[in-house]
Each structure stands twice: as structure tokens, then as C-alpha cells.
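# Architecture at a glance
Spelled out, the chains give:
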2 protein chains.
Amino acid sequence: MTEPLPILHVCTTCRAGLPLEPGQTAPGQYMYDAVSALLGGTPAVELRPVTCLSSCSSGCAAAISQPGKWTYLLGHLDPTLAPDLLAYAALYAAHRTGTVLPSRRPASLARMVLGRMPDLSPQAAAQEIAA
Amino acid sequence: MTEPLPILHVCTTCRAGLPLEPGQTAPGQYMYDAVSALLGGTPAVELRPVTCLSSCSSGCAAAISQPGKWTYLLGHLDPTLAPDLLAYAALYAAHRTGTVLPSRRPASLARMVLGRMPDLSPQAAAQEIAA
């Protein structure tokens, strides 16, 4: 059976703490578009837009999840970091629990992790996840 | 069928950004113990310890989740806030999507939400959750 891809949720309404004029595109939408443009016909992640990750003061924000792994909440992103974000997503996909130590991430993403949450899917008891 | 309780994950290893002497109990463990002591024989939440929520600079940290709802990552907690945290958990449990606006939370928890993540359980497509 094929392993499901990691899901990358990008907050498309994120203002990244900035004021937004009426009709102006949110930085989060630019972030989503930048990631989407990089993904080819055989994407390494499933990209999903999401409306508000409640990380407004730490945006642009995203989250990455995959069954059986920690879900990571990511902030301090911007569209120029889309290639590094996808490089990180590949490392996340390759690790059994999704743990990517700061020393293994692209340097531009050093401040990125806002937190993580245990996997809640039925097949994995939360307390069985180990870093 | 009885609705499953919200799960409150409390990070028991959290140092809350402080140095910790060898053998000293982590602030996160005190946080967990304070919540545990308040829960009676018919708890309103299922309390689970978790090892590192990767929110070390924003601790003490916790997360709350329930099938079909947003999972919220919570920080800037301390053991004295355990009663307010359980009051918040009751509001979370009562709301269809788990959304508790800042104006409805105990004032002591104003800075608490670090972010939220879509429900990933099979019964709820992430994009169907609306605030």
C-alpha cells in the first residue's frame, strides 16, 4: 500500500502581523502560491489551504502532518522560503516520527517551529510517539 | 454513543525557558500535577502527559484536541493557571469546532493560543472545519 503523503497546510489568510488594505492579497496566499508553483506533477506533499491557523503574530504560518507522526506548527515563513520549506518537508517525510532537528533543517528555518502535537489518528496512540 | 472527551496533552518536560538543575522537577510536571489534582472522579477532559511539545520558549505548554475539532496549541501557562485552563477546556468541549474567542476565555489566558491545526481524523476533512 502506498504511504500517504505528508499534508502541508498553508494558512492563506495570514497577514503576518501586517495591516492589509481592502482588496490586497494576504501574505499567506502568496506563501501558498509560492509552494504550489514549486510542486510539480508528482508532488512530494499534499498541499492544502487553511483559513487561519491562529498564529497571526508569528506568520506566515503552516502545519505539516502525516499519519503516525508528530504534527508540526510552523511560523515566521515568507514566500521566498518556499524552496527551503519543501526541502524540510522531504526530511519530515523521511523520518519515522517526523522529527527534523534544527541542525538538519535549512538554516533559514531555524526559528520556524512554533510547536508540535501528538498524532491523534486511531492507529497511533499519542504517547507511543518518541522523538 | 458517548462523545469522546477532549484530550488535554500537557508537556511534562517543559522547562518554560528556565535553566533546570539536575534532579529538579520541570515546571511542566508541576503543571501536569496541578491539572491532575483538580480533575475529580468524573473528569471533563482526558489528561495525557507528553514529552516535549517543541514550544520550549513559550512554555509551560499544552495542547487540546477532540475528534472533529481544531487542535489548539497552548503556551505561556503555569501551574497557578490550572483552574482557568480547565474552565477553557469546558468551553472548548462545548463548541462545535473548539473555537473559544479570546473574549470568552479567562483573562489570564489571553496570550495562551500559539496556534491551531485542522482536525486530521478520518471522519473530518480538514477544510470542512469552519470557525
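These notes cover the structure that comes with them. (Residues numbered from 1 in each chain as written. Chains lettered and ligands numbered in written order. Predicted model: local features only at pLDDT ≥ 70, side-chain atom pairs only at ≥ 80, totals over all residues. Heavy atoms only, no water.)

As a further point, take the relation of the copies chain B and chain A. With an axial shift of 0.0 Å and an RMSD of 0.0 Å, the rotation relating chain B to chain A amounts to 180 degrees. Taken together, the rotation and translation relating the two chain copies correspond to the operation of a two-fold axis. By residue overlap, the copies meet face to face through one surface: 100% of the interface positions of chain B are interface positions in chain A. (Least-squares fit on C-alpha atoms with pLDDT ≥ 70 in both. Contact = heavy atoms within 4.5 Å.)

Since the α-helix packs 3.6 residues into each turn, any two residues three or four apart lie on the same face. Residue and element names in this part refer to chain B. Relative to the 18 Å expected for 13 residues at 1.5 Å per residue, helix α2 (residues 82-94) spans 19 Å between its end C-alpha atoms, a close match to the ideal helical length. Of all the residues in α2, the buried ones are Ala82, Leu85, Leu86, Tyr88, Ala89 and Tyr92. The arc that holds the buried residues of α2, viewed along the axis, is 155 degrees, so those residues lie on one side. Contact partners of the buried residues in α2: β1 (7-11), α1 (27-38), β3 (62-65) and β4 (71-74). (Helix = DSSP H or I, 4+ residues; strand = E, 2+ residues; numbered from the N terminus. Expected span 1.5 Å × (residues − 1). Buried < 20%, exposed > 50% of the residue type's maximum accessible area, 1.4 Å probe, protein only. Arc of directions from axis to C-beta.)

Here we take up the layout of surface pockets. Approximately 310 Å³ is the volume found for the second largest pocket. Considering the residues around the second largest pocket, the lining is formed by 18 residues, among which Ser58, His76 and Leu114 of chain A together with Ser58 and Leu114 of chain B are closest to the centre. Of all the secondary structure elements, the ones that give two or more residues to the lining of the second largest pocket are β5 (113-117) of chain A together with β5 (113-117) of chain B. (1 Å grid on protein atoms, 1.4 Å probe; cavity = no way out; pocket = protein on both sides within 12 Å on 5 of 7 lines; lining within 4 Å. Points joined across faces, edges and corners; volume = space filled by probe spheres on them.)

Our next topic: helix α1 (residues 27-38) of chain A. All names here are of chain A. Along its 12 residues, α1 runs 17 Å from first to last C-alpha, staying within 8% of the 16 Å computed at 1.5 Å per residue. Among all positions in α1, only Pro27, Gly28, Met31, Tyr32 and Val35 are buried. Relative to the axis of α1, the buried residues are bounded by an arc of 145 degrees and lie together on one face. In this fold, the buried residues of α1 make contact with β1 (7-11), β2 (46-50) and α2 (82-94).

What follows deals with the sheet that holds β3 of chain B. All names here are of chain B. Spatially, five strands are ordered β2-β1-β3-β4-β5 in an open sheet, and the strand pairing comes out mixed. In this open sheet, the two edge strands, each paired with only one partner strand, are β2 (46-50) and β5. The mean inter-strand angle of the sheet, taken between neighbouring strand axes irrespective of direction, is 20 degrees. In this structure, β4 lies alongside β5, joined through four bridges in antiparallel fashion. Its bridge partner lying in β5, Leu73 is registered against Gly115. Relative to β1, α1 is tilted by about 150 degrees, and along the sheet it contacts β1 and β2. (Pairing = 2+ DSSP bridges. Axes fitted to C-alpha atoms, helices over the stretch in contact; angles between N-to-C directions.)

Below, the discussion takes up the nonpolar core. The biggest cluster of nonpolar side chains holds 70 residues, and the ones touching the most others in it are Leu8, Leu77 and Tyr88 of chain A together with Leu8, Leu77 and Tyr88 of chain B. Contacts of Tyr88 of chain A, omitting those with residues within four sequence positions, involve Ile64, Tyr72, Leu74, Val100, Arg105, Leu109 and Met112 of chain A. (Core = buried A, V, L, I, M, F, W, Y, C linked by side-chain atoms within 4.5 Å.)

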